[in-house]
Amino acid sequence: MMLIAAGWIAVLLLGGGVALDRTLTGQITRNFDAQLSYLLNGMIASAEIGPDGEVFFNRALGDQRLLEPNSGLYWQIRGTGHDDFPSRSLWDRTLDVRTDHRDKEPHAYISNQFPSEPLRVMERSVTMPGSDTVWQFTVAERKANLDEQIGRFRRILLRSFAVLGLGLLVMAALQTWYGLGPLRGVRRAIQRMRSSGSNRVTEPLPLEVQPLVLELDALLAHNQRQAEEARTHAGNLAHALKTPLTVVMNAATAHAPDLADTVIREAAVMRRQVDHHLARARAVGRRAVGQARAQVGESVEAVLRAVTVLYDKARFDLDGNRAAQVAIERQDLDEILGNLIENAAKYGGGSVFVTIDPVSDPKWCEVWVEDDGTGIPEVERERIFDRGARLDTGKPGTGLGLAIVRDVAEIYGGSVTLDESEDLGGLLVKLRLPRAG
């Protein structure tokens, strides 16, 4: 910020200084020429033709420098066929003036005829009453006087712009320091938060950084939730494995004759628990990667193709908005829908009806999975989501399907509820997921 400010200040001051220098230098030159023009007009007004045909002044010119030799201010009148009429300040010198042209208006230029004294010259051609001669009136002043005025102005301009630039840089530095002060406050707050063990920025900070503080608090809360989920997840897995390991340990210690069967049975239980927790962990990890997005129609069609091979006698119907998108990873959506549709085909009576987005909600997208089975009693609908809970033990299964569906859906902010299907008479599973923005 300081480098950018310094660069812009330098460019603007340089451009402004050049423009101001040209403007005021031109104005000083015009004022210098105006003084020469005033003297030239005074000469013309005072000039007359004498009886001998020569020009003379009927009154003296007022500037004392015209009477001092080599004073730097000179005048001269020249006419063809007549002697030059110079000012006393020229002493033994004459101005080199050409008479072969006419300047009806005053004409100014720089002359270097005196090597040590460049001159600013103004001349004009005049025809006097009573004379046919074209007289060349010339006024000249030492150019050093003009250069001195311009140099004095440029020194003042340079000093003024240097002070102005320095002042602007100091103000830009103070503004930058003051403007970034809230960020230093955030840094100090984070340092105190890290040293004190707090998980929130609680001290009041300026409005400029409040959005940053809110996002920081949200990030800290998100990380805390993930840490809590990880601890809970590890605790649940340890608790779930503790009982099967204890059974195996006791059977091995007692040298039980059915040790092999016990190990196989308890190993299957542990494997189901590991699979469940791994699915949940994968969902949490994928959710933390970034903004997820999946198209419901493509996922349902892919699941139906796979389930149709396993349950070729069942009839599957699909309806609704296939283009609906939800904020969930495609793999997790496939796993949820796979469990729901497979359960409907396994425990239903042979008909499965899937409806995508039956309720128009700008925030949520629902997927209904219905079957024509016996359904689930209302008193059992909450318990069925527990890990290992099964109502129909006559068919193969682990009892973890609905538990995985609920856990993964809740990880993404969704939900799963059970109801009775009005069309098919069996179970209606309502999967609710956040719609992709």
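Provided above is the structure to which this section pertains.
Quick summary incoming for the structure in this document.

1. Some thoughts on the environment of Thr-246
Relative to the helices and strands, Thr-246 is located in helix α4 (residues 210-253). We classify Thr-246 as partly exposed; its relative accessible area is 39%. Along the sequence, Thr-246 and Glu-266 sit 20 residues apart, while their C-alpha atoms lie 9.7 Å from each other.

2. A few points about the sheet that holds strand β3 (residues 73-79)
With antiparallel pairing, the five strands of this open sheet are ordered in space as β4-β3-β7-β6-β5. Among the strands making up the open sheet, the edge pair consists of β4 (85-86) and β5 (107-111). In terms of strand pairing, β3 meets strand β7 (residues 134-142) through seven bridges, oriented antiparallel. Residue pairing for β7: Ile-77 is matched across the bridge by Phe-137. Sheet strands touched by helix α2 (residues 143-179): β5, β6 (119-127) and β7. Its angle to β7, the strand with the most contacts, is close to 45°.

3. Brief notes about the sheet that holds strand β12 (residues 364-371)
With respect to topology, five strands assemble into an open sheet ordered β9-β11-β12-β14-β13, the strand pairing being mixed. At either margin of the open sheet sits one strand with a lone partner, and together these are β9 (315-320) and β13 (415-420). Ignoring strand direction, the axes of neighbouring strands in this sheet form an average angle of 15°. Alignment of β12 against strand β14 (residues 427-434), held across seven bridges, turns out to be antiparallel. Counted as the bridge partner of Trp-364 is Pro-434 from β14. Strands in contact with helix α6 (residues 296-310) are β9, β11 (351-356) and β12; relative to β9, the strand with the most contacts, it is inclined by about 175°.

4. Considerations on a nonpolar patch on the surface
Together, Met-1, Leu-180, Leu-183 and Leu-212 make up an exposed nonpolar region whose accessible area comes to about 380 Å². Positionally, Leu-183 belongs in helix α3 (residues 181-196). Using a relative accessible area of 43% as the deciding quantity, one classes Leu-183 as partly exposed.

5. Examining the side chain of Glu-123
Mapped onto the secondary structure, Glu-123 falls in strand β6. Of note is the side chain of Glu-123, whose polar atom sits 3.2 Å from the side chain of Tyr-109. Ignoring sequence-local partners within four residues, the contact set of Glu-123 consists of Leu-40, Val-97, His-101, Asp-103, Glu-105, Pro-106, His-107, Tyr-109, Gln-136, Phe-137 and Thr-138.

6. Examining α6
Here α6 contains 15 residues, and its C-alpha end-to-end distance of 22 Å stays within 8% of the 21 Å for a straight helix at 1.5 Å per residue. Of all the residues in α6, the buried ones are Val-296, Gly-297, Ser-299, Val-300, Val-303, Leu-304 and Val-307. All buried residues of α6 lie within an arc of 155° about the axis, which places them on one face of the element. Pointing more than 90 degrees away from the buried face of α6 are the exposed residues Arg-305 and Val-309. Residues of α6 that are buried in the fold lie against β8 (294-295), β9, β10 (325-326), α7 (330-347), β11 and β12.

7. Points about the packing of α2 against α3
Interhelical geometry of α2 versus α3 gives an angle of 35° and a closest axis separation of 4 Å. For the pair formed by α2 and α3, the contact residues are Trp-177, Tyr-178 and Gly-179 on the first element and Gly-181, Pro-182 and Arg-184 on the second. Residues that form the contact of α2 with α3 fall into these classes: three nonpolar, two polar and one charged.

8. Quick look at the layout of surface pockets
The volume enclosed by the second largest pocket comes to roughly 240 Å³. Looking at the second largest pocket, it is lined by 14 residues, and the ones nearest its centre are Gln-35, Tyr-38, Leu-39, Gly-62 and Asp-63. Take the lining of the second largest pocket: its biggest share by element is six residues, from helix α1 (residues 2-46). For the lining of the second largest pocket, the per-class residue count stands at six nonpolar, four polar and four charged.

9. Structural notes on the side chain of Thr-25
Take Thr-25: it is sitting in helix α1. Reaching out from Thr-25, the side chain makes a polar contact with the backbone oxygen of Asp-21 at a distance of 2.6 Å.

10. Focus on the pairing of β13
Both β13 and β14 contribute to a ladder of six bridges, which runs antiparallel. Paired with Thr-417 across the strands is Lys-430, a residue of β14. Remark: six residues form the turn of the hairpin made by β13 and β14, two consecutive strands paired antiparallel; Gly-425 in that turn has positive phi of roughly 85°.

Rules used in this analysis
Residues numbered from 1 in each chain as written. Predicted model: local features only at pLDDT ≥ 70, side-chain atom pairs only at ≥ 80, totals over all residues. Heavy atoms only, no water. Helix = DSSP H or I, 4+ residues; strand = E, 2+ residues; numbered from the N terminus. Buried < 20%, exposed > 50% of the residue type's maximum accessible area, 1.4 Å probe, protein only. Pairing = 2+ DSSP bridges. Contact = heavy atoms within 4.5 Å. Axes fitted to C-alpha atoms, helices over the stretch in contact; angles between N-to-C directions. Patch = residues over 30% accessible without salt bridge, like charges linked within 9 Å, V, L, I, M, F, W, Y side chains within 5 Å. Areas by Shrake-Rupley, 256 points an atom, 1.4 Å probe, with all protein chains shown as cover. Salt bridge = Lys/Arg side-chain N within 4 Å of Asp/Glu carboxyl O. Polar contact = N/O pair within 3.5 Å; in protein donor to acceptor, adjacent residues only side chain to side chain. Expected span 1.5 Å × (residues − 1). Arc of directions from axis to C-beta. Nonpolar A, V, L, I, M, F, W, Y, C, P; charged D, E, K, R; others polar. 1 Å grid on protein atoms, 1.4 Å probe; cavity = no way out; pocket = protein on both sides within 12 Å on 5 of 7 lines; lining within 4 Å. Points joined across faces, edges and corners; volume = space filled by probe spheres on them.

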